[in-house]
Amino acid sequence: MKTFLYNLKHVFLGMLISLFFTIDSYSQESSLAIDIYDSSLEWGGCPEFMPVGCNISVLHGDPNAGNADVLFKVPANTDIPLHWHNSAERMVLLSGEMDVTYEGEETQQLKPGTYAYGPARKAHTARCKDAGPCVLFIAFIGAVDAMEGSPD
């Protein structure tokens, strides 16, 4: 019994130390404010299967490591083909109008200011309508990725 309590005490102490360093590492992170309309934002391309004119700008985080925030932009009157992500995505449409359809669900109509949640590994299509280019703010939990078609 003494050995069990001794081990439990050390496990608990280790957890407290780990929690302290985790909290401390969060407090060391710097805040950030970015004007999403700033012309100096760096935009990169999208995966090959995405439509011409598709661009992504990383606002925060490492897109390969997860917990990254991006802007996703496509021209008006553009269809985004069936695709899926390993990560869930949390989105807010900033401009344009977009229809998003997840497999097995009704089409959702997004207007500027609309929040949308997309589950991980759930295939979907989208259409940026004719109200100008569509710009989505997307927060990814996992790495930023997009695969064509449906997951296996």
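The coordinates are above.
Below, the structure is looked at part by part. What you are looking at is a predicted structure, and each value in this text was computed from that prediction instead of being measured. (Residues numbered from 1 in each chain as written. Predicted model: local features only at pLDDT ≥ 70, side-chain atom pairs only at ≥ 80, totals over all residues. Heavy atoms only, no water.)

**Notes on unusual backbone geometry**
Thinking step 1. If you check the backbone angles, Asn67 has positive phi at about 55° while not being a glycine.
Thinking step 2. Secondary-structure assignment places Asn67 in strand β3 (residues 66-74).
Thinking step 3. Classification of Asn67 as exposed rests on a relative accessible area of 55%.
Thinking step 4. Located in the positive-phi region is Arg121, a residue other than glycine, with phi close to 60°. (Helix = DSSP H or I, 4+ residues; strand = E, 2+ residues; numbered from the N terminus. Buried < 20%, exposed > 50% of the residue type's maximum accessible area, 1.4 Å probe, protein only.)

**Some points on the sheet that holds strand β6 (residues 98-102)**
Thinking step 1. Read from one edge to the other, the open sheet built from 5 strands follows the order β7-β6-β9-β4-β11, with strand pairing classed as antiparallel. What marks the edges here is a single partner per strand, and that holds for β7 (108-110) and β11 (147-148).
Thinking step 2. Taken together, the 4 bridges between strand β4 (residues 78-84) and strand β9 (residues 124-128) define a ladder with antiparallel strand orientation. When the bridges of β9 are listed, His83 appears paired with His124. (Pairing = 2+ DSSP bridges.)

**Details of the nonpolar core**
Thinking step 1. In terms of nonpolar packing, the biggest core is built from 22 residues, with Phe72, Val74, Met98 and Leu136 touching the most fellow members.
Thinking step 2. Among the secondary structure elements, those contributing two or more residues to this core are β3, β5 (89-95), β6, β9 and β10 (134-140).
Thinking step 3. Sort the elements by how many residues they give to this core and β10 lands first, with 4 residues.
Thinking step 4. Among residues more than four places away in sequence, those in contact with Met98 are Val74, Ile80, Leu93, Gln108, Gln109, Leu110, Ala126, Arg127, Cys128, Lys129, Cys134 and Leu136. (Core = buried A, V, L, I, M, F, W, Y, C linked by side-chain atoms within 4.5 Å. Contact = heavy atoms within 4.5 Å.)

**Some points on the sheet that holds strand β8 (residues 115-118)**
Thinking step 1. With antiparallel pairing, 6 strands are arranged side by side in an open sheet as β1-β2-β3-β10-β5-β8. Edge positions in the sheet fall to β1 (44-45) and β8, since each of these pairs with one other strand and no more.
Thinking step 2. Where β1 and strand β2 (residues 55-62) come together, 2 bridges link them in antiparallel fashion. When the sheet's bridge partners are listed, Gly44 is paired in β2 with Ile56.

**Here we look at the packing of aromatic side chains**
How two aromatic rings sit relative to each other is given by the distance of their centres and the angle of their planes.
Thinking step 1. The tally for this structure, following the rule as stated, stands at 0 aromatic pairs.
Thinking step 2. Lying over the aromatic face of Trp43, Lys73 brings its terminal NZ or CZ to 4.1 Å of the ring centre. (Phe/Tyr/Trp six-rings, centres within 6.5 Å; stacked < 30°, edge-to-face > 60°. Lys NZ or Arg CZ within 6 Å of the ring centre and 35° of its normal.)

**Examining the pattern of salt bridges**
Where charged atoms of side chains with opposite charge meet at close range, the side chains can pair.
Thinking step 1. In this structure the tally under the stated criterion is 4 salt bridges.
Thinking step 2. The partner of Lys129 in a salt bridge is Asp99, and the shortest N-O contact between them spans 3.7 Å. Taken together, the residues Lys129 in the loop between β9 and β10 and Asp99 in strand β6 connect sequence positions 30 residues apart.
Thinking step 3. The closest approach of N and O atoms between Glu105 and Lys122, which form a salt bridge, is 2.5 Å. Of the two residues, Glu105 is situated in the loop between β6 and β7 and Lys122 in the loop between β8 and β9; the sequence distance between them amounts to 17 residues. (Salt bridge = Lys/Arg side-chain N within 4 Å of Asp/Glu carboxyl O.)

**Quick look at the pairing of β5**
Thinking step 1. Examined bridge by bridge, β5 and β8 share 4 bridges and lie antiparallel to one another. In the strand pairing of β8, Glu89 is matched with Gly118.
Thinking step 2. Bridge count for β5 against β10 is 6 bridges, and the pairing is antiparallel. Each bridged residue has a counterpart across the sheet, and for Ser95 the counterpart in β10 is Val135.

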